[in-house]
Amino acid sequence: MTRGIKYIIIGIAMVTAITGLFFGVLLQGMDIPDRDFSEGWDIEIDGVVTRDTTLSDYRFPHILNRGDEMTMTCTFPEDVDYRSAFNLLVYLTTVDVYLDGDSIYTYGHGRLDGGKMVGSGYHFVNVPEGAAGKELKIVMHVAEDNAFSSIPDMYIVPADLSMVAFVRDHISLLFVSIFLYVLGIVLMVGAIIGVIMQNGFRQVTWVGSFSFLVGTWAMCSSKVIQLFSSNLAANATLEYLTLYLAIVPLLLQMYYQMDTISRWRKTLLVLSVITVMGYTVVASYLHVTDKAHYCATLPIFHVIMGISVLVFIIAAVKPLDKMSISDRVMYIGFIFLLSLGLVDLTRFMVQKYLLTNFQYLSQSVLPVGTLIFIIFLIISYLIYTYSNIVEETGRKTLERMAYQDPLTGLSNRARCEEIFKRLSTGNREYLIVNMDLNGLKKTNDTYGHHMGDNLLKTFADNMRKSFGDRYSLIRMGGDEFVVVANEKDREDVELCLKRLEKFDEVSSLDYPFEVAAAWGLAVSSEVDTWDAEAVYKLADQRMYEMKVALKHER
């Protein structure tokens, strides 16, 4: 993970948080007039009528199933404003609204008649002109089993502010879900950039995917997705699909990050991922073909989810003091999420089957728990990445100590021997330049070893400036240097040697000694054995021929 990418992620997350908080404070401060529309209803289910009841007080005789019909009737207040609208939240149900027998709103019959899944969500029904004092009748035909067992309180608000009021009432979930959604996108984009730049950012893809999927599910589950999409059926489909897939990146994150777990535990994780993916494919096929919609296969998912959680615990369980710090943070975060998940499941079951009138139980705590868990995951990944960086830095430091000449910074003889072995067993033509630095012994004897060291370092610097980083530059020891390159680069190498001579001439002006070297060049095609040592000896021979020629010239 590069420092720049981390700053981008932190920056966008902070902007999202600050914007969300500001938006929340702004909406909470708005005075949106609303009117309670939950009293005075006559409700009929299975032919049994309960008169003049309040929605929050009404107890369903049973959870409504496919084929059930529910009718709600009341009278509009005499002072109702026709520029108003009322909200109705129902699940997997068609809705027909009548005003004195005339239809003013309808939803879902086309999908029900076609065998498609009817969506879930809020219905915002505009109050017609002249509705004051007239009878309002809402008829619902349930399209799926275990659809719903309560009706939340209804409110009348100005029609042009109905969505603003909706945001105000759901600001916490809106903020958390959008935060998770945006954070997921940012992390996935950052991961893609990291992979392209080869910065080891790949694993954060799973954290980003988990955040994205849970954020999307939270928006669908809380119905705040209706701010962006009015297609209730598509929203419900997306809710189930993201719920089914959310566990997959979590298991994959654990698989890749917890390096120390045994093979059989990793096999369990892989089998769990395959099971969830296989179930999702089968459930999606059944849903698309209308043989069994997502809501019908949800109990099976609950079983698979329970097994996946058990697999996670089995795969990760071991004493905390034997875990790495990153694994420990992730494990604690998961236990926290699991605990909140059990609390949320209990809340859901109690509200749906026992305390159906307790509307405050309808708000899920799982999105907030997921947000905290995501923070744990990010911290865990940062610790994991930092540990890897420290380990890699240590490895490279040791490697540099083993293969780098400490005085000049060039590769040393050990590295050269490895290169020669690779060249001798390969099939690519290459060349070797052997260089012998002139006057090193004389410089040491005349000016001292510190000046001899300056001569070596100056010549090495000139080599780097002349050859760049395209070729292997080596100090074999003493006054001997080597360059290794591909034979196809021979012309460029010869140009580099000429540049080296010019750099040496300029450097000689700064010292009381001459900076110069004799060299010899040989290519692999010139020897029969393809042995790097043979090529090196041929280059060495030519270097001595040049050294003798230079002495005769002087």
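Criteria and thresholds
Within every chain, residues take consecutive numbers counted from 1 along the sequence as written. With the structure being a predicted model, the display of local features is reserved for residues of pLDDT at least 70 and the display and counting of side-chain atom pairs for 80 or more, all residues being used for whole-chain, interface and lining totals. Excluding hydrogens and water, the side-chain values take into account all heavy atoms of the structure. When DSSP finds two or more bridges between two strands, those strands count as paired. For helices the rule is a DSSP run of H or I covering at least 4 residues; for strands it is a run of E covering at least 2, with both sets numbered from the N terminus onward. Between the N-to-C directions of two axes lies an angle of 0 to 180 degrees, each axis being a line fitted to C-alpha atoms and, for a helix, fitted only over the stretch in contact. Contacts between residues were defined by any pair of non-hydrogen atoms, one from each residue, lying within 4.5 Å. A helix's residues, less one, multiplied by 1.5 Å, set its expected span. Only protein chains enter the accessibility calculation, which uses a 1.4 Å probe; a residue whose area is less than 20% of its type maximum is buried, one above 50% is exposed, and one in between is partly exposed. Think of a polar contact as two N or O atoms within 3.5 Å of one another; within protein, one of them needs to be a possible hydrogen donor and the other a possible acceptor, and neighboring residues in sequence only count if both atoms come from side chains. We count a salt bridge whenever a side-chain nitrogen from Lys or Arg sits within 4 Å of a carboxyl oxygen from Asp or Glu. Any two rings among Phe, Tyr and Trp, with Trp reduced to its six-membered ring, count as a pair given centres within 6.5 Å; such a pair is stacked if its planes are under 30 degrees apart, edge-to-face if over 60, and tilted if neither. Both a distance and an angle decide whether a charge sits over a ring: NZ of Lys or CZ of Arg must be within 6 Å of the ring centre and within 35 degrees of the ring normal. Here, nonpolar core means buried Ala, Val, Leu, Ile, Met, Phe, Trp, Tyr and Cys residues that are tied together by side-chain atoms lying within 4.5 Å of each other. Between 65 and 115 degrees an angle is taken as roughly perpendicular, under 35 as roughly parallel, over 145 as roughly antiparallel, and anywhere else as oblique. Whether a crossing is left-handed or right-handed is set by the direction in which the near helix is turned from the far one by less than a right angle, anticlockwise for left-handed and clockwise for right-handed. Residue polarity follows a fixed list, in which Ala, Val, Leu, Ile, Met, Phe, Trp, Tyr, Cys and Pro are nonpolar, Asp, Glu, Lys and Arg are charged, and the others, Gly among them, are polar. Any residue with an atom within 4 Å of a point lines the site, the site being either a cavity, points on a 1 Å grid over the protein atoms alone where a 1.4 Å probe fits but cannot get out, or a pocket, an open set with protein on both sides within 12 Å along at least 5 of 7 lines. Grid points are joined across faces, edges and corners, and a volume is the space filled by probe spheres set on the points.

> Would you mind showing me how to read the sheet that holds strand S14 (residues 517-523) here?
The strands making up a sheet are joined through hydrogen bonds of the backbone, oriented either antiparallel or parallel. The strand order across the open sheet formed by 4 strands is S12-S13-S11-S14, and the pairing between neighbours is antiparallel. In the strand order of this sheet, the two ends are held by strand S12 (472-477) and S14, each with one partner. Each neighbouring strand pair of the sheet contributes to a mean axis angle of 20°, computed without reference to strand direction. One ladder, built from 5 bridges, connects S12 with strand S13 (residues 480-486); its direction is antiparallel. By the bridge assignment, Ile-474 is partnered in S13 with Val-482. Contacting strand S11 (430-437), S12 and S13, helix H12 (residues 413-425) runs over the sheet at an angle of about 120° to S12. Packed on one face of the sheet, helix H14 (residues 449-467) meets S11, S12, S13 and S14 and runs near 10° to S13.

> Just to check I follow, could you spell out the sheet that holds strand S5 (residues 84-90) for this structure?
Read from one edge to the other, the open sheet built from 4 strands follows the order S1-S10-S5-S8, with strand pairing classed as antiparallel. Strands with a single pairing partner mark the edges of an open sheet, and in this sheet they are strand S1 (35-36) and strand S8 (121-126). The pairing of S5 with S8 spans 6 bridges and is classified as antiparallel. Paired with Val-90 across the strands is Gly-121, a residue of S8. Across the sheet, helix H3 (residues 162-169) touches S8 and strand S10 (155-158), and the angle it forms with S8 is around 145°.

> What's the story with helix H6 (residues 232-245) in this structure? I'm lost.
Because the α-helix completes a turn every 3.6 residues, residues three or four places apart line up on one side. Over its 14 residues, H6 extends 20 Å from the first C-alpha to the last, a length consistent with the 20 Å expected when each residue adds 1.5 Å. Listing the buried residues of H6 in full gives Leu-232, Ala-233, Asn-235, Ala-236, Glu-239, Tyr-240, Thr-242 and Tyr-244. Regarding H6, its N-cap is Asn-231, as a side-chain oxygen of that residue lies 3.3 Å from the backbone nitrogen of Ala-233 further along.

> Is there a simple way to explain the pattern of salt bridges in this structure?
Close approach of charged atoms allows side chains with opposite charge to pair. Counting across every chain of the model gives 15 salt bridges. Ionic pairing is found between Lys-441 and Asp-445, a salt bridge with its closest N-O pair at 2.9 Å. Here the residue Lys-441 and the residue Asp-445 both occupy positions in helix H13 (residues 440-447), the gap between them amounting to 4 residues, near one helical turn. With respect to burial, Lys-441 and Asp-445 carry one shared label: exposed. As a salt-bridge pair, Glu-526 and Arg-542 come within 2.8 Å of each other at their nearest N and O atoms. Note that Glu-526 is positioned in the loop between S14 and helix H16 (532-553) and Arg-542 in helix H16, a separation of 16 residues in sequence. Residue classification places Glu-526 among the partly exposed positions, given a relative accessible area of 36%. Judged by its relative accessible area of 27%, Arg-542 is partly exposed. Look at the salt bridges and you will find they share partners, linking Arg-470, Lys-488, Asp-489 and Asp-492 into a network.

> What exactly am I supposed to notice about the packing of aromatic side chains here?
Here the distance between the centres and the angle between the planes together describe a pair of aromatic rings. Scanning all chains against the criterion turns up 19 aromatic pairs. Ring centres 5.3 Å apart and planes at 65° place the aromatic pair Tyr-58 and Phe-60 in the edge-to-face group. Pairwise contacts between aromatic rings join Tyr-240, Tyr-244, Tyr-279, Tyr-294 and Phe-301 into one cluster. Just above the ring of Tyr-403 sits the side chain of Arg-415; from NZ or CZ to the centre is 4.2 Å.

> I would appreciate a short explanation of the nonpolar core in the present structure.
Note on soluble globular proteins: their nonpolar side chains tend to be buried together. Counting 83 residues, the largest nonpolar core has Trp-41, Met-70, Met-72, Phe-76, Phe-86, Ile-138 and Ile-151 as its most contacted members. Tallying contributions element by element places helix H9 (residues 294-316) first for this core, with 9 residues. Excluding its chain neighbours within four sequence positions, the residues that come into contact with Phe-76 are Phe-37, Phe-86, Leu-99, Val-127, Ala-131, Ala-132, Gly-133, Lys-134, Leu-136 and Ile-156.

> Mind showing me how you'd approach the packing of H14 against helix H15 (residues 490-508) here?
Angle between the axes and distance between the axes: these two values describe a pair of packed helices. It is the contact of H14 with H15, at a shortest axis distance of 8 Å, that shows an interaxial angle of 140°. In terms of axis orientation, H14 runs oblique to H15. Our pair here, H14 against H15, has a crossing hand that is right-handed. Contacts between H14 and H15 pair Thr-458, Phe-459, Asn-462, Met-463, Lys-465, Ser-466 and Phe-467 from the former with Val-493, Cys-496, Leu-497, Arg-499, Leu-500, Phe-503, Asp-504 and Ser-507 from the latter. A per-class count over the contact of H14 with H15 returns 8 nonpolar, 4 polar and 3 charged.

> Explain the pairing of strand S9 (residues 135-142) here, please?
For a regular strand, the rule is simple: side chains alternate between the two faces of the sheet. Pairing analysis gives 7 bridges linking strand S4 (residues 69-75) to S9, with the strands arranged antiparallel. Bridged to Thr-75 within S9 is Glu-135.

> I keep staring at the environment of Ser-380 and nothing clicks. Help me out?
Within the secondary structure, Ser-380 sits in helix H11 (residues 366-403). Expressed as a C-alpha distance, the spacing of Ser-380 and Tyr-331, which sit 49 residues apart in the sequence, is 9.2 Å.

> What is the right way to read empty space enclosed by the protein from this model?
All chains considered together, the criterion is met by 1 cavity of 30 Å³ or more. Around the largest cavity sit Ser-120, Gly-121, Cys-220, Lys-223, Ile-225, Gln-226, Leu-232, Asn-235, Ala-236 and Glu-239, which together line it. Sort the elements by how many residues they give to the lining of the largest cavity and H6 lands first, with 4 residues. Taken together, the residues that form the lining of the largest cavity break down as 4 nonpolar, 4 polar and 2 charged.

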